[in-house]
Amino acid sequence: MVQQDSEIQKENKLKLEIYVPLNVCACQWEQFMNLVFQVITPYNKYISYDTKNLDSEEARKLNLHGNSVVIDGKEIVKTSFALKKKIPEILKTKGLI
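Residues numbered from 1 in each chain as written. Predicted model: local features only at pLDDT ≥ 70, side-chain atom pairs only at ≥ 80, totals over all residues. Heavy atoms only, no water.

**Re the overall build of the protein**
Threshold: Each helix is a run of H or I in the DSSP string that is no shorter than four residues. Each strand is a run of E no shorter than two, and both are numbered from the N terminus. In this scheme, a residue with accessible area under 20% of its type's maximum is buried, one over 50% is exposed, and one in between is partly exposed, where area comes from a 1.4 Å probe on protein chains only. Residues are treated as being in contact if the distance between any of their heavy atoms lies within 4.5 Å. The accessible surface values rely on the Shrake-Rupley method and a 1.4 Å probe; as for residues, cover is taken only from the protein chains in view.
Along the backbone of the protein there are four helices and four strands. Along the protein, from the amino end to the carboxyl end, the secondary structure elements read α-β-α-β-α-β-β-α. Counting over 97 residues, the protein shows a buried share of 32%. Sequence-distant contacts in the protein: of pairs separated by 6 or more residues, those separated by 24 or more amount to 68%. For the protein, the accessible surface area stands at approximately 6,500 Å², while carbon and sulfur atoms represent 52% of it.

Dropping the structure here:
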């Protein structure tokens, strides 16, 4: 029962994919990651995230150019400011907060 509840909670979480150029020096994208994590940390229990390479086939299919966050596989956000505005809206829509 606990495992089922855990799986249901995981499915209801907001899914973020953070795309940065992992094949270059971290100094090129660490500030973006720090800003993103400042935004998502207060909502950590409602979010699942994955860091992905901007130089990948998946990123090309999404037509990503530059550091980006993909929200639930649909919406693309390029700045932490936009992410800070969007996350509470989406979490309220999903009934998570």
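**Concerning the nonpolar core**
We apply this condition: Buried residues of nine kinds, namely Ala, Val, Leu, Ile, Met, Phe, Trp, Tyr and Cys, make up a nonpolar core once their side-chain atoms join them within 4.5 Å.
Among the nonpolar cores identified, the biggest contains 18 residues, and L14, L16, V69, I71, L83 and I87 are the most heavily contacted of them. At the level of elements, β1 (14–20), α2 (30–40), β3 (68–71) and α4 (80–93) are the ones that each hand at least two residues to this core. Ranked by the residues each element gives to this core, the list is headed by α2, at five residues. Among all residues touching L16, those that are not within four sequence positions of it are I40, I47, S48, Y49, D50, V69, V70, I71 and I87. Y19, L54, L64 and V70 belong to the second-largest nonpolar core, a separate cluster that totals five residues.

**Considering the sheet that holds strand β4 (residues 75–77)**
Condition: Between any two strands, at least two bridges found by DSSP are needed for them to pair. Angles here are taken between N-to-C directions and fall from 0 to 180 degrees, while the axes themselves are lines fitted to C-alpha atoms, restricted in helices to the stretch in contact.
With respect to topology, four strands assemble into an open sheet ordered β2-β1-β3-β4, the strand pairing being mixed. Whereas interior strands pair on both sides, the edge strands pair on one side only; in this sheet they are β2 (47–53) and β4. Neighbouring strand axes in the sheet, compared pairwise and without regard to direction, differ in orientation by 25° on average. Sheet topology note: the β1/β3 ladder contains four bridges and is antiparallel.

**Things to note about the pattern of salt bridges**
To be explicit about the condition: A pairing counts as a salt bridge when a side-chain nitrogen of Lys or Arg comes within 4 Å of a carboxyl oxygen of Asp or Glu.
In this structure the tally under the stated criterion is seven salt bridges. Between R60 and D55 there is a salt bridge; the shortest N-O distance is 3.2 Å. A residue is classified by how much of its surface remains accessible, and R60, at 48% relative accessible area, is partly exposed. A salt bridge links K94 to D72; its shortest N-O distance comes to 3.5 Å. Taken together, the residues K94 in the segment after α4 and D72 in the loop between β3 and β4 connect sequence positions 22 residues apart. Residue K94 is classed as partly exposed on the basis of its relative accessible area, which comes to 37%. A relative accessible area of 23% places D72 in the partly exposed class.

**Let's talk about the pairing of β2**
Where we set the bar: Whether a crossover is right-handed depends on one test, that the path from the first strand over the helix to the second runs clockwise when the strands point away from the viewer.
Here β1 pairs with β2 via seven bridges, running parallel. Its bridge partner being in β2, L14 is matched across the sheet by I47. Read as a crossover between parallel neighbours, the route from β1 over α2 to β2 is right-handed.

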